[in-house]
Amino acid sequence: MSLRTDIQMAFDELTPSTHGMAERIVGSMLANRSRSRAMFAWSNPLRGATSMLALILVLVVAVGVLAGGRLYRDWSAFNSQPGNGLAALEARPMHLPVLVPGQDCPIGPKADLQGAGNGEGFGEGPVFGMPIGLDTKSTWGTYGYQWLLTRRDLAGPVLVRAKDLVTGKAVVFVGTYAAGPVTGKDSDRNGFAVKQHHEALLDTNHPPEDTNPPEVYFGGSDRLVAWQITLGLQRGASGCVAYQIDGPGFSEVFVVQAVGTGLTPN
Amino acid sequence: MQRVADVKPSSASQPVSESTFADLLKPLIEPGFRLALAMLHDAQAAEDAVQEASFTAWRKLGRMHDQGRLRPWFLGVVANKCRNARRKKWVVEVSVGVPEELPAVSSEDRTLRSADLRRAISHLGHDDRLVVVLYFYLDMPVDEVATVAGTSVGATRARLYRAIKKLRPDVAIEEALR
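First things first, this report covers the structure right here in the doc.

Conventions and cut-offs
- Residues numbered from 1 in each chain as written.
- Chains lettered and ligands numbered in written order.
- Predicted model: local features only at pLDDT ≥ 70, side-chain atom pairs only at ≥ 80, totals over all residues.
- Heavy atoms only, no water.
- Helix = DSSP H or I, 4+ residues; strand = E, 2+ residues; numbered from the N terminus.
- Buried < 20%, exposed > 50% of the residue type's maximum accessible area, 1.4 Å probe, protein only.
- Contact = heavy atoms within 4.5 Å.
- Areas by Shrake-Rupley, 256 points an atom, 1.4 Å probe, with all protein chains shown as cover.
- Core = buried A, V, L, I, M, F, W, Y, C linked by side-chain atoms within 4.5 Å.
- Polar contact = N/O pair within 3.5 Å; in protein donor to acceptor, adjacent residues only side chain to side chain.
- Buried area = accessible area lost by both parts, 1.4 Å probe.
- Salt bridge = Lys/Arg side-chain N within 4 Å of Asp/Glu carboxyl O.
- Patch = residues over 30% accessible without salt bridge, like charges linked within 9 Å, V, L, I, M, F, W, Y side chains within 5 Å.

The helix and strand tally for chain B stands at 9 helices and 0 strands. The N-to-C order of helical and strand elements in chain B reads α-α-α-α-α-α-α-α-α. The 178 residues of chain B split such that 52% are buried. Across chain B, contacts joining residues at least 24 apart in sequence account for 68% of those joining residues at least 6 apart. A total accessible area of about 8200 Å² is found for chain B, and carbon and sulfur atoms account for 50% of it.

Structure (structure tokens):
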């Protein structure tokens, strides 16, 4: 028996009769809407007082923003001191390999991740990469995802930067882990506008909940935390991507080849 | 039982008026309830989640201009309600005791296996559980699952593979996807 059949059987056993439920819920919703309208009519005279309360709230928020701005400046000043946090990592120079014309993509170094994923991993640690999976094309280029695995005992911020080695163009990051200044925009990634960044940031103090621990998909290891990063390669990219990953006390470089639905040609 | 994949929207790209919204919503209540039940394992909490999702859908009616997207959009709202419901302490207290003592519909083995499977699914993270329920239980195609989950098709597929490996580590992905 297939997994699908097993799952459908398992939940169908649990499902009570839904006879009349749709009518009950929709009826309740309509009745509630009528009550809401009645409540609105009753509360109409209170609108003056409500407006005053809203004005007071706006003033409180404005004061909060001013105070918060001062705190932010103090934090930024602290963060920009040499050796502290993200600013220090961003200040580190890039030391990615350079391709000579005709040279193959220098994929590697290979990592021993004890069977992680399909067994293919890259990097010497404490951060490891899997091959990039491309799945979404736009007029700007191609988007995909990258699993990065970090050792569980790794602490502090981890800065991720990457380049396509053939075109020399920076890989962009979008979504949850994208960081740093906005470097570009794409108005139509799967129908949504996205802001692009040249950095991704992993906060190892707050690992992703749903891939923690990655005990099964990533090779039965309880030593690794898995981060799924969304990235984009600009039109014409080769997919030969070099990562430089900087964290407290380490800087590592590895090269991976993008796989998936193919790259958008020039 | 009707699978969600069988529920077709009436037509696409037309504004939805309030008067027709209830009619559009009715066929989505059952799949919404089945999704919520599979996510929460508690019939009352599931019905509450669908009820709340219906109110949310009603309030946001003005933003819905494409009936073709109503189904994944509504199921996405239900999924969010389920995520919130799981965060509430009382739901945890009430529903962690999944009703494993179910009436035996066939053999005892089958009932036990089903209970084990439900328990394993309930131990998945919210996002993994969501793609498993949508893909396997509600028979939705991967691209529509991705829309409900708010991620790309590739990321959804990767999440699905990972969840399958957790549920059936000894079964090949291709075999499990059938």
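That shown, we press on.
Formed by 61 residues in total, the largest nonpolar core has its most connected members in Ile7 of chain A together with Leu35, Phe74, Ile121, Val132, Leu134 and Phe136 of chain B. Counting residues per element, this core draws most heavily on helix H1 (residues 18-40) of chain B, which supplies 13 residues. Discounting chain neighbours no more than four positions away, the residues touching isoleucine 7 of chain A are Leu117, Ile121, Val132, Phe136 and Tyr137 of chain B. Core analysis: the next-biggest nonpolar cluster, separate from the first, contains 28 residues, Phe122, Phe173, Ala178 and Leu233 of chain A among them.

Residues and elements named next belong to chain A. Here aspartate 186 shows up in strand S6 (residues 178-189). In this structure aspartate 186 comes out as buried when scored by relative accessible area, which is 2%. Side-chain polar atoms of aspartate 186 contact the side chain of serine 138, separated by 2.7 Å. Contacts of aspartate 186, omitting those with residues within four sequence positions, involve Ser138, Trp140, Tyr143, Phe192, Ala193, Val194 and Gln196.

Before going further, it helps to spend a moment on the interface of chain A and chain B. How big an interface is tends to be reported as the loss of accessible area on association of its parts. Each side of the interface is counted separately: chain A has 41 residues, and chain B has 53 residues. Counting each side, the surface lost to burial between chain A and chain B is near 4400 Å², with a carbon and sulfur contribution of 65%. On the chain A side of the interface with chain B, the three residues burying the most area are Leu3, Arg4 and Phe11 of chain A, jointly 16% of the side's total. Counting the contacts that link chain A with chain B gives 4 salt bridges. For glutamate 47 of chain B, the salt bridge is made with arginine 24 of chain A, and the minimal N-O distance between the two is 2.8 Å. Put simply, chain A and chain B have 8 residue pairs in polar contact (both at pLDDT 80 or more) between them. When residues of the side of chain A that touches chain B are traced back to their parent elements, those giving at least two are helix H1 (3-14), helix H2 (21-43), strand S2 (133-137) and strand S3 (141-151) of chain A. Ranked by the residues each element gives to the side of chain A that touches chain B, the list is headed by H2 of chain A, at 12 residues.

All chains considered together, the criterion is met by 12 salt bridges over all chains. The closest approach of N and O atoms between aspartate 246 of chain A and arginine 92 of chain A, which form a salt bridge, is 3.4 Å. Here the residue aspartate 246 of chain A occupies a position in strand S9 (residues 240-247), and arginine 92 of chain A occupies one in the loop between helix H4 (85-90) and strand S1 (127-129), the gap between them amounting to 154 residues. One connected set of salt bridges, linked through shared partners, spans Asp128, Arg159, Arg162 and Lys166 of chain B.

With that settled, consider a nonpolar patch on the surface. Residue and element names in this part refer to chain A. A cluster of nonpolar side chains, Met52, Leu55, Ile56, Leu59 and Val60, forms an exposed patch at the surface whose accessible area comes to about 490 Å². Topologically, valine 60 is positioned in helix H3 (residues 47-79). For valine 60, a relative accessible area of 52% corresponds to the exposed category.

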